[in-house]
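Coordinates in review
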Amino acid sequence: MHFPVRLRWLVSFALTPGLGAFLLSSLLSSSPALAEERATLQEAHYLVFTIEGEEVRLASAQRVQLDAPLEPRPAAEVELAAAETEAVTGNSVVVRLESAAGEVLYRDIAEIPRWIRGEFHGREVRLGVNAIEPHLIEAEVRAFVVRVPMLSSAKRLVVTGARQTVFELSQLTALESALESALETTPRPIARAFTVGPAGQPANRLDLLVLGDGYTADQEDLFNADVRRIGDQFFNLSPYAEYRSFVNLHGLFTPSRESGADHPPYVSGCGGSNCCSDPAAQSDPRAGTFVSTAFDSTFCVGGIQRLLVANVTKALTAAAAVPNWDRVLMIVNDPVYGGSGGTIPVSSLHEQGIDILRHEYGHSFTRLADEYDSAYPGFPDCSDRSGSPCEANVTDETARNLVKWNPWIDASTPVPTPRGSNSLGLFEGARYRTYGMYRPRNTQCLMHFLGMPFDEVCRQEYVRQLYRGGWGQPGAGIDLIEPGSESPRPGTVTAKVGAGTRLAVDLLKPGQGSVGVTWLVDGVPAPSATGNAFTFVPPSAGTYRVELRVEDKTPFVHPDAAEGLLGTSREWTLKATSSGNAPCVASATRLCIDRAAGDRRFQVDVNYQTARDSGAAHAVPLTSLGVDRGGLFWFFAPDNPEMLVKVLDGCGVNQRFWVFYAAGTDAGLTVTVTDTATGESKVYRNPQGQAAPPVQDTSALPCDG
């Protein structure tokens, strides 16, 4: 179906500024990882393209700021992903950002589903349950998003699909500048986002964005309530429920002029978009209603009354307001039953619409196949015997030991499996073929019948996909150890014989099941160390290798199918010495700052001088979660602090410890920061009578090793 491309100018939210904007606010943070987190923010081009036939067009371009840097994917990985995509989702394009000399600066792949899917609660009873009423339509115009880093050396963007299309970077920046100029001279349209429940760092979560269509400006509260309600329903199904903590759920309110969606009236033999030839339209209570909405949602696409479709180009353009999204869903403020699948799963507010979203998300995120056998001529073939491998939940393989879900099949279950069996096995009929293609269960799977749970194979693939990655920006899967939470950063750490060195991380855990945590010293598990922190006391001088291994022990993934996806690790090298300076000893005029809890590694002394007085400043430590990250100093009265000092662990960024301080005084200052582990000091001075400038020294002291 062809939609006219009309750009909807939206404001992308301004995220936290980069490292160059680090001022006093960074000093007040209690997290030593904040500096590194801010340093990883990356400006990017958010580009929406359309494909009609073989022609690729640029529909919109916006500048956004992502929460993690975009890393180029290796050429071999992109080629493999492109081959797999052809059978699973339809089409893909390879995107390259090149310099003037043709050097590839960035490479990625964008999937472009070819199909608009209509899969509804059916009226026909098959195998004792209501079969899905399926429809599959090839989209005339398809849209996709590309996010590429803003690099000064980039000259052109090359998009390669059925044919190659080259876009000069000047085209992108001109369109982005036009957007910024428009926003400066016209009122900014409403585009408000919110997050449902607690959110984790986008780089280590699946960010699911819900858009709404047919909500007017005075229905924002209704939209927000619908997102929360539908989110609760969506995640009230295994395995979505157990892995809810792995998902950030966002809503983005975009107002429409009018409520609802278009309902073309029934006209026998109708061939246009203003009427509907499906006899089911005769019972549509809103037949003949046409409304103006943000994303042009309409029923009866392709002559199928329940097929509710939105303008994907407009929707993806709007989604730039939450640029870190990984997948998008849409709800339409209309009570009539309908929905669709494809690039963006869509559903009305009908009570059965949640099954549509869950099923279509099984296609768009988990990359599952339909398990029913209704034929669709022209749908690409797959084969686990030869050619393009099939999706995880279907196969043409009948040899028991070669069936990819064989570990789940009981030894007493025959293969192939008779349809009357309730066991997991190998049932003939799947992926639009009655014969020669097989599914894991007879009826008990949502990819076969709406209203059903996911079977073991589909459930397993969802979990594997979460850990496998390849679905987000920059594309890595979920890590059970929160990136950036490690204290100290993995690498070389100085330790003292007989003194404890605390190593700690933050862990991400599923809502159910268990996570195995093992700390090892030189390859030997440490007794009773099973939590997120471990204090190691070196017994003698030498070098020790401390490793943390974390693994999801979920029963949802068979051990034979884990493929190393469920585990992660970190490693530190501890260099223990029996000599050296003693840790800092705090006093009324000496501040001790920790690298790890209680190690009192950094010593800070401040001396001041005025026209009438001089001496050592008084120290007041600031403690957060048992760790002294910095402190205040006062000169004349305890209720009048003159300066704040902080030491940050920048070893994971540039192999240096960073000293930041801010002072509200024109007194003469001598600030001495000493690393007691190495004996090295850094001295900062400010002459009397001059306002002390803030210090942001990111190369103050060398890290260990």
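In case you missed it, the structure is sitting above this.
Residues numbered from 1 in each chain as written. Predicted model: local features only at pLDDT ≥ 70, side-chain atom pairs only at ≥ 80, totals over all residues. Heavy atoms only, no water.

Looking only at helices and strands, the protein has 9 helices and 34 strands in total. Evaluated residue by residue, the protein yields a buried proportion of 55% over its 705 residues. Surface summary for the protein: the accessible area is close to 28,600 Å², and the carbon and sulfur share equals 50%. (Helix = DSSP H or I, 4+ residues; strand = E, 2+ residues; numbered from the N terminus. Buried < 20%, exposed > 50% of the residue type's maximum accessible area, 1.4 Å probe, protein only. Areas by Shrake-Rupley, 256 points an atom, 1.4 Å probe, with all protein chains shown as cover.)

This paragraph deals with the nonpolar core. General note: in soluble globular proteins, nonpolar side chains tend to be found buried as a group. Membership of the largest hydrophobic core comes to 81 residues, with the highest contact counts inside it found for F234, I331, Y361, Y462, Y467, W519 and L574. By residue number, the principal contributor to this core is helix 8 (residues 456-468), which donates 5 residues. If we skip the residues at most four places from it in the chain, Y467 touches Y243, F246, G477, I478, L480, D552, L565 and L566. In this structure, V64, A315, A321 and I344 belong to the second largest nonpolar core, which totals 54 residues. (Core = buried A, V, L, I, M, F, W, Y, C linked by side-chain atoms within 4.5 Å. Contact = heavy atoms within 4.5 Å.)

Strands sit in the order 28-29-30-31-34 across an open sheet of 5 strands; the sheet is antiparallel. Sheet topology places strand 28 (618-624) and strand 34 (695-702) at the edges, where each strand pairs with a single neighbour. Averaged over all adjacent pairs, the angle separating strand axes in this sheet is 25 degrees, with direction ignored. (Pairing = 2+ DSSP bridges. Axes fitted to C-alpha atoms, helices over the stretch in contact; angles between N-to-C directions.)

One pass over the full model with this rule turns up 3 cavities of 30 Å³ or more. Roughly 220 Å³ of volume is contained in the largest cavity. Considering the residues around the largest cavity, the lining is formed by 20 residues, among which I116, A139, V141, V312 and T343 are closest to the centre. Ranked by residues supplied to the lining of the largest cavity, first place goes to strand 7 (residues 141-149) with 3 residues. A per-class count over the lining of the largest cavity returns 13 nonpolar, 6 polar and 1 charged. (1 Å grid on protein atoms, 1.4 Å probe; cavity = no way out; pocket = protein on both sides within 12 Å on 5 of 7 lines; lining within 4 Å. Points joined across faces, edges and corners; volume = space filled by probe spheres on them. Nonpolar A, V, L, I, M, F, W, Y, C, P; charged D, E, K, R; others polar.)

Quick look at the pattern of salt bridges now. In total, this model carries 30 salt bridges according to the counting rule given. Between R358 and D355 there is a salt bridge, and its shortest N-O distance comes to 3.7 Å. Taken together, the positions of R358 and D355, both in helix 7 (residues 353-364) and 3 residues apart, correspond to about one turn of that helix. A relative accessible area of 11% means that D355 is categorised as buried. Here R468 and E461 are joined by a salt bridge, their closest N and O atoms 3.1 Å apart. Among the residues examined, R468 registers a relative accessible area of 33% and is labelled partly exposed. A single salt-bridge network, built from bridges that share partners, covers E461, R464, R468 and E563. (Salt bridge = Lys/Arg side-chain N within 4 Å of Asp/Glu carboxyl O.)

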